[in-house]
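Okay, here's what each chain looks like letter by letter:
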Number of protein chains: 2
Amino acid sequence: MAKPKKTPRPKAQTPKGFADYFGSDVTERTAMLSRIAEVYHRYGFDALESSAVETVEALGKFLPDVDRPNEGVFAWQEEDGDWLALRYDMTAPLARVYAQHRGDLPSPYRRYTMGPVWRNEKPGPGRFRQFYQCDADTVGTASMAADAEICAMLADTLEAVGIERGDYVIRINNRKVLNGVMEVAGLSGDDKEAERGIVLRAIDKLDRLGPDGVRALLGEGRKDESGDFTKGAGLTAEQAAVIVSYLEVGVAQLNAHKAKVSRQVEVVKSGNPIDQAAFGGENPNATTLQMLRGLVGGSLIGKQGVEELDQVAQLLFSQGYRSDRVLVDPSVVRGLGYYTGPVYEAELTFDVQNDKGQTVQFGSVAGGGRYDDLVKRFTGQEVPATGVSIGVDRLLTALRATGRIGSETHGPVVVTVMDRDRMADYQAMVAELRADGIRAEVYLGNPKNFGNQLKYADKRNSPIAIIEGGDEKERGVVQIKDLILGAKIAETATHEEWKDRPSQFEVPRSEMLAKVREILAG
Amino acid sequence: MAKPKKTPRPKAQTPKGFADYFGSDVTERTAMLSRIAEVYHRYGFDALESSAVETVEALGKFLPDVDRPNEGVFAWQEEDGDWLALRYDMTAPLARVYAQHRGDLPSPYRRYTMGPVWRNEKPGPGRFRQFYQCDADTVGTASMAADAEICAMLADTLEAVGIERGDYVIRINNRKVLNGVMEVAGLSGDDKEAERGIVLRAIDKLDRLGPDGVRALLGEGRKDESGDFTKGAGLTAEQAAVIVSYLEVGVAQLNAHKAKVSRQVEVVKSGNPIDQAAFGGENPNATTLQMLRGLVGGSLIGKQGVEELDQVAQLLFSQGYRSDRVLVDPSVVRGLGYYTGPVYEAELTFDVQNDKGQTVQFGSVAGGGRYDDLVKRFTGQEVPATGVSIGVDRLLTALRATGRIGSETHGPVVVTVMDRDRMADYQAMVAELRADGIRAEVYLGNPKNFGNQLKYADKRNSPIAIIEGGDEKERGVVQIKDLILGAKIAETATHEEWKDRPSQFEVPRSEMLAKVREILAG
């Protein structure tokens, strides 16, 4: 008979690649998402919360053709043989929901959704296997007005959460323009798919590699700093020239934009009102579009792309989204497959320090575009759709970097316990504070060691501790310790400034609330 | 060579037992949770969002002693051999988080958390495999003040989300009292575990089976309506009498409470202010506690339980939580294992119709208690903890039943498209409305068939449609259709009341916003 195994003590450990979020990390995200939802709602988008679990079949990319179909997703097999998986994004579930409920949903269907998604990838520093996405999509219309609307909404959303105008730009492009340019460069046809892939990836890396790096990738290839060699597309000089001219349009546009923004910043600093008409009086995207028209030459798909891009740019311009906010940028690619027309990206343009201490632009926080084939998988019918996904954690990081959030610097008021038998008195104090909207709590640990109570208040980052011993009780007073001031005094002990300001007060019990209010008001 | 299989079209189907939530189902839940979080925060509780995925080892109840440890949980094996699973509640993750981060967390640690949990159970009508939980726990203190605080917070929370005083009661009990009574009834000792289990389950069913049903379960057993027989605990008449007297204390208390509440309702209806002193002037729980003291006799554990229960009741009473809100109720059991001391439950006392059309009390929406062994699994040290879990979907249902939520009756204002080329004009209209905080959207479908646009507005439950054709544009006006009024007129076509009130107005374009505002203001 097998001996029963002794169960070892389990490890208290978040699974690899997962994280726990505490306090303001949670509440600040919730507050940001709530501000985003408000804008989306005002734009007529409806909330959707689909189940976190989908059939592997519905997720699509990961069909169970192997024994364990968990490449990229967390998947498991049900007793009845079905494979289920956690969603890896919000778009695949939207396609499933739309196909399933299309009889009941309005058409077009505008929806937004926010929540966690899961990726079964190798975790790395700052790369998690569960993270938040916040998406807005319009399903069921081919109108460019839908794409323009989402770009406008994205700009409004960034401002609503606290990114100032001038600190962001929505860069727009169209995949059909790219395809047209490829055609002109002789890269159309099924046999050129590999080359097209390399070109798209190279363009996508313009920011990081610069024009020379891209040029190397268009030709033979490129050796990076570590000595690794990336094979290039092997284009002829003539072919590469087409792609490079295309990119130069984007670079020129971007530089013009940067010059404008820095002029704008100067105006703001000088205290004069910005002359919006002068800033964006004529649609500066028109020049870019004219250049693109030349580049796509006779390519039908290319012409159509420029036309669509023009429509989106016009719609945005006429609604007041000038080049300080929306910019036609040919270098926007947004991944390889998937997108079929307009693509767009929200970039934050202010400087931050990267891990290596270099000053860099903050970069992309949201992106999206038009995709027309996702619902077709289910229904056989093509359903045009367009949508955007905000990188929730990236945007939160940006808001923290600009000091836009992180205002909750204090914890609750802590009422200390001097006399265990008078817990009801202490509870009455916190009840009085809470009723006034003040965050407050009684110390609930072992009250014997008073030092521990003050250490606790310190750990809670409390602004105030309240003390009522037997003596105070008898005299009808309480002691109020201003812990913020106390900390300041401790920091600058020799400083004259604090000498005459006590950090502890005795007030009548009946004046406790008023005094706490006074201290909290600063 | 195997022929490549043709992939069949995937089914667009939520997995069995999972659901999608649309529009107000999502936003109303979010709003309710946000109100709950506000109360918890004011009480000094900190937000926590732990990962949805845990190691099966950390979840504990489901150790991998079988090939697939997914009894009750959704679990899968990682490539490195580890088993991961979706959390099935918020308490097991809390124990893991506390054990893992205890060096950094304040002690005691008050935390709240809200989010989905997953159960791998057979789905049934209204029973889902993913649902929301909303928990608040205090870890690291044995003080009864922690339990009292959570009961007070629960009462405040219910009122904050919209449950009126008199429509709920927090029922409190203590597992040690129950254990003491069992001891008196001769049901202590390891060999009586099965009997104790049956007795606890029987008490837990008092609401549903009534005193006679419980008595049958204490004796030989009980045949239910379907003819199924449930084996009883086989107690002697003497033993059963102890349990029954115990329950009668609870029933008496409950009846006294009901009488008081109905008196209170009468007072409210009469328009006179409630005399709180008269209503709860003396702690009515004192009587119950006195009776319980008699029942537990010489049992040490029983006496300790009554003492603890008394402390919690006293603390609540002295903070103004009278018997209209908090009630000592010996019939509260809250599950079998797990809880070690105080247990509590929030019950909604108003009537609703059940599935069979019977009038019943709404019942429990939240419950919890003290558990002392959960963290010990990880650290070897006993860490006392107490906490409550709100049944989010139940509480939402209750708020809908009382008409407390569901106020968003209208969709967005819809601007119709009469001239596809003037999309910019229509976008400008919605921009103007949105800037004023009014939810609005342009119709983005194919505008050819105007009837479809009005059908869309209907499906969106729009209050207003705006129309600007070429003629209107020329004359500088817009047509505004009051769809709410229109629907009323259509419903009561013969009614004189509406005869002279037009449901469509022509106003100058410059007055569009003012007119829309006027209609929306009702």
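Residues numbered from 1 in each chain as written. Chains lettered and ligands numbered in written order. Predicted model: local features only at pLDDT ≥ 70, side-chain atom pairs only at ≥ 80, totals over all residues. Heavy atoms only, no water.

1. A few points about the overall build of chain A
Definition in use: Secondary structure elements are defined from DSSP: runs of H or I of at least 4 residues count as helices, runs of E of at least 2 residues count as strands, and each element is numbered from the N terminus. Should any heavy atoms of two residues lie within 4.5 Å, those residues are considered in contact. Computed with a 1.4 Å probe, the accessible areas rest on the Shrake-Rupley method; for each residue, only the protein chains presented here act as cover.
Looking only at helices and strands, one finds 18 helices and 19 strands in chain A. A separation threshold of at least 6 residues defines the contact pool for chain A, and within that pool the share at least 24 residues apart is 68%. Counting only carbon and sulfur atoms, one obtains 49% of the accessible surface of chain A, whose full area is about 23500 Å².

2. Considerations on the packing of helix H10 (residues 285-296) of chain B against helix H11 (residues 300-318) of chain B
All names here are of chain B. Keep this limit in mind: Orientation is described by lines fitted to C-alpha atoms, with helices fitted over the stretch in contact, and by angles between N-to-C directions that extend from 0 to 180 degrees. Roughly parallel means an angle under 35 degrees; roughly antiparallel, over 145; roughly perpendicular, 65 to 115; everything else is oblique. Polar here means any residue outside two lists: the nonpolar Ala, Val, Leu, Ile, Met, Phe, Trp, Tyr, Cys and Pro, and the charged Asp, Glu, Lys and Arg; Gly therefore counts as polar.
Between H10 and H11, the shortest axis-to-axis distance is 9 Å and the interhelical angle comes to 170°. Considering the angle they form, H10 stands roughly antiparallel to H11. Counting all contacts with H10, which are made through Asn285, Leu289, Leu292, Arg293 and Val296, the residues of H11 involved are Gly302, Lys303, Val306, Glu307, Leu309, Asp310 and Ala313. Tallied by class, the residues present in the contact of H10 with H11 amount to 6 nonpolar, 2 polar and 4 charged.

3. Structural notes on the environment of Ala194(B)
In this structure, Ala194(B) sits in helix H6 (residues 193-204). Sequence separation between Ala194(B) and Ala233(B) is 39 residues, and the spatial gap between their C-alpha atoms is 7.9 Å.

4. Structural notes on the pattern of salt bridges
Where we set the bar: Salt bridges, as used here, are contacts in which a Lys or Arg side-chain nitrogen is within 4 Å of a carboxyl oxygen on Asp or Glu. Buried residues are those whose accessible area, probed at 1.4 Å on protein chains only, stays under 20% of the maximum for their type, while exposed residues exceed 50% and partly exposed ones sit between those limits.
Counting across every chain of the model gives 72 salt bridges over all chains. The salt bridge partner of Asp20(B) is Arg96(A), with a shortest N-O separation of 2.7 Å. Taken together, the residues Asp20(B) in the segment before strand S1 (21-22) and Arg96(A) in helix H3 (residues 91-101) connect one chain to another. By relative accessible area, Arg96(A) is classed as buried at 0%. For Glu121(B), the salt bridge goes to Arg127(B), with nearest N and O atoms at 4.0 Å. According to the relative accessible area criterion, Glu121(B) is partly exposed, its value standing at 36%. A cluster of three or more residues bridged by salt bridges with shared partners is formed by Asp46(A), Arg110(A), Glu149(A), Arg434(B), Arg439(B), Glu441(B) and Arg460(B).

5. Here we look at the relation of the copies chain A and chain B
Mapping one chain copy onto the other needs a rotation about an axis and a shift along that axis. Cut-off, in case you're wondering: Here the copies are matched by least squares. The fit uses the C-alpha atoms of residues with pLDDT of at least 70 in both.
Overlaying chain A on chain B yields an RMSD of 0.1 Å, the required transformation being a rotation through 180° with an accompanying axial translation of 0.0 Å. Both copies of the chain, as the preceding transformation shows, are related through a two-fold rotation axis. Closest to the rotation axis within chain A is the C-alpha of Trp76(A), separated from it by 2.7 Å. A symmetric contact is evident, with 100% of the interface residues of chain A recurring at the interface of chain B.

6. Describing the interface of chain A and chain B
Spelled out, the test is: Buried area: the accessible surface (1.4 Å probe) lost by two parts on joining, summed over both. The term polar contact refers here to a pair of N or O atoms within 3.5 Å; inside protein, the definition further demands a hydrogen-donor-capable atom paired with an acceptor-capable atom, and it admits residues adjacent in sequence only when both atoms are side-chain atoms. Being paired, for any two strands, means DSSP has found at least two bridges between them.
Across the boundary between the two partners, chain A contributes 97 residues, which contact 97 residues of chain B. Overall, the association of chain A and chain B removes approximately 8000 Å² of surface from exposure, summing both partners, and the carbon and sulfur fraction of that is 52%. Among the residues chain A hides against chain B, the three largest losses belong to Glu49(A), Arg434(A) and Leu444(A). Together they make up 9% of the total. One salt bridge in this structure joins Glu49(B) and Arg29(A), with 3.1 Å as the shortest N-O distance. Between the two partners, chain A and chain B, sit 62 residue pairs in polar contact (both at pLDDT 80 or more). Of the strand pairs in this sheet, strand S2 (residues 46-49) of chain A and S1(B) are connected by 2 bridges, and their pairing is antiparallel.

7. Remarks on the sheet that holds strand S17 (residues 464-467) of chain A
Residues and elements named next belong to chain A. One open sheet holds the 5 strands; their spatial order is S16-S15-S17-S18-S19, and the pairing between them is mixed. Both outer strands of the open sheet, strand S16 (440-442) and strand S19 (504-508), are each paired with one neighbouring strand and no more. Averaged over all pairs of adjacent strands, the angle between strand axes in this sheet comes to 25°, irrespective of strand direction. Here strand S15 (residues 413-415) pairs with S16 via 3 bridges, running parallel. Bridged to Val415 within S16 is Val442. Taken strand by strand, helix H14 (residues 423-435) contacts S15, S16, S17 and strand S18 (477-482), and its axis lies near 175° from that of S16. Its contacts with the sheet put helix H17 (residues 483-491) on S17 and S18, and the angle it makes with S18 is roughly 50°.

8. As for the pairing of S17(A)
All names here are of chain A. A two-sided burial pattern is seen for S17, the buried positions comprising Ile464 and Ile466 on one face and Ala465 and Ile467 on the other. Where S15 lies against S17, 2 bridges are found, and the strand directions are parallel. Looking at the pairing, Val414 lines up with Ala465 of S17. Where S17 and S18 come together, 4 bridges link them in antiparallel fashion. Each bridged residue has a counterpart across the sheet, and for Ile466 the counterpart in S18 is Ile480.

9. What to know about the environment of Ala346(B)
Residue and element names in this part refer to chain B. Its location among the elements puts Ala346 in strand S12 (residues 342-353). The exposure class assigned to Ala346 is buried, which follows from its relative accessible area of 0%. Between the C-alpha atoms of Ala346 and Tyr168, which are 178 residues apart in sequence, the distance is 6.9 Å. Those residues within four positions of Ala346 in sequence are excluded, and the remaining contacts are Leu154, Leu158, Val169, Ile170, Gly363, Ser364, Val365 and Ala366.

10. Topic: the environment of Gly320(A)
Residues and elements named next belong to chain A. Along the polypeptide, Gly320 turns up in the loop between helix H11 (300-318) and strand S11 (326-328). The class of Gly320 is partly exposed, set by a relative accessible area of 24%. Remark: the alpha-carbon pair of Gly320 and Ala152, spanning 168 residues in sequence, is separated by 9.4 Å.

11. Thoughts on the packing of aromatic side chains
Definition in use: Two rings from Phe, Tyr or Trp (for Trp, the six-membered ring) form a pair when their centres sit within 6.5 Å of each other. Planes less than 30 degrees apart are called stacked, planes more than 60 degrees apart edge-to-face, and all others tilted. For a Lys NZ or an Arg CZ to count as sitting over a ring, it must be within 6 Å of the ring centre and within 35 degrees of the ring normal.
Per the counting criterion, the structure on display carries 16 aromatic pairs over all chains. For the ring pair Tyr40(B) and Phe45(B), a centre distance of 6.4 Å and an interplane angle of 45° mean the geometry is tilted. As far as burial versus exposure is concerned, Tyr40(B) and Phe45(B) are alike and both buried. Within the aromatic cluster, the residues linked to one another by ring pairs are Phe18(A), Phe74(A), Trp76(A), Phe18(B), Phe74(B) and Trp76(B). The aromatic ring of Phe378(A) is capped on one face by Arg377(A), whose charged end is 4.9 Å from the ring centroid. Above the face of the Tyr21(B) ring, Arg29(B) is positioned so that its terminal group lies 4.9 Å from the ring centre.

12. Side note on the confidence of the model for chain A
All names here are of chain A. The condition that has to hold: The predictor reports its confidence for every residue as pLDDT, a score running from 0 up to 100.
Of the residues in chain A, 89% have a pLDDT of 70 or more, and the chain-wide mean is 87. The least confident element of chain A, judged by mean pLDDT, is helix H9 (residues 276-280) at 52; the most confident is S2 at 97. The low-confidence segment residues 62-69, where pLDDT is below 50, has 22 contacts with residues more than four positions distant or belonging to other chains.

13. Let's talk about unusual backbone geometry
Look at the link from Ser107(A) to Pro108(A): it is a cis peptide, with omega at 0°. Positionally, Pro108(A) belongs in the loop between H3 and strand S6 (109-118).

14. Let's talk about the sheet that holds strand S12 (residues 342-353) of chain A
Taken together, 9 strands build an open sheet; the order of strands is S11(A)-S8(A)-S12(A)-S13(A)-S14(A)-S7(A)-S6(A)-S2(A)-S1(B) and the sheet is mixed. Here the strands that pair on one side only, and so sit at the sheet edges, are S11 of chain A together with S1 of chain B. Bridge count for S2(A) against S6(A) is 2 bridges, and the pairing is parallel. Residue pairing across strands places Ala47(A) opposite Tyr112(A), the latter belonging to S6(A). With respect to the sheet, helix H5 (residues 175-184) of chain A is in contact with strand S8 (168-174) and S12 of chain A, its orientation differing from that of S8(A) by roughly 50°.

15. Some remarks on H14(A)
To keep things clear, this is the line we draw: Each residue after the first adds 1.5 Å to the expected span of a helix.
Along its 13 residues, H14(A) runs 18 Å from first to last C-alpha, staying within 8% of the 18 Å computed at 1.5 Å per residue. Positive backbone phi, approximately 85°, marks Gly437(A), located one or two places after H14(A).

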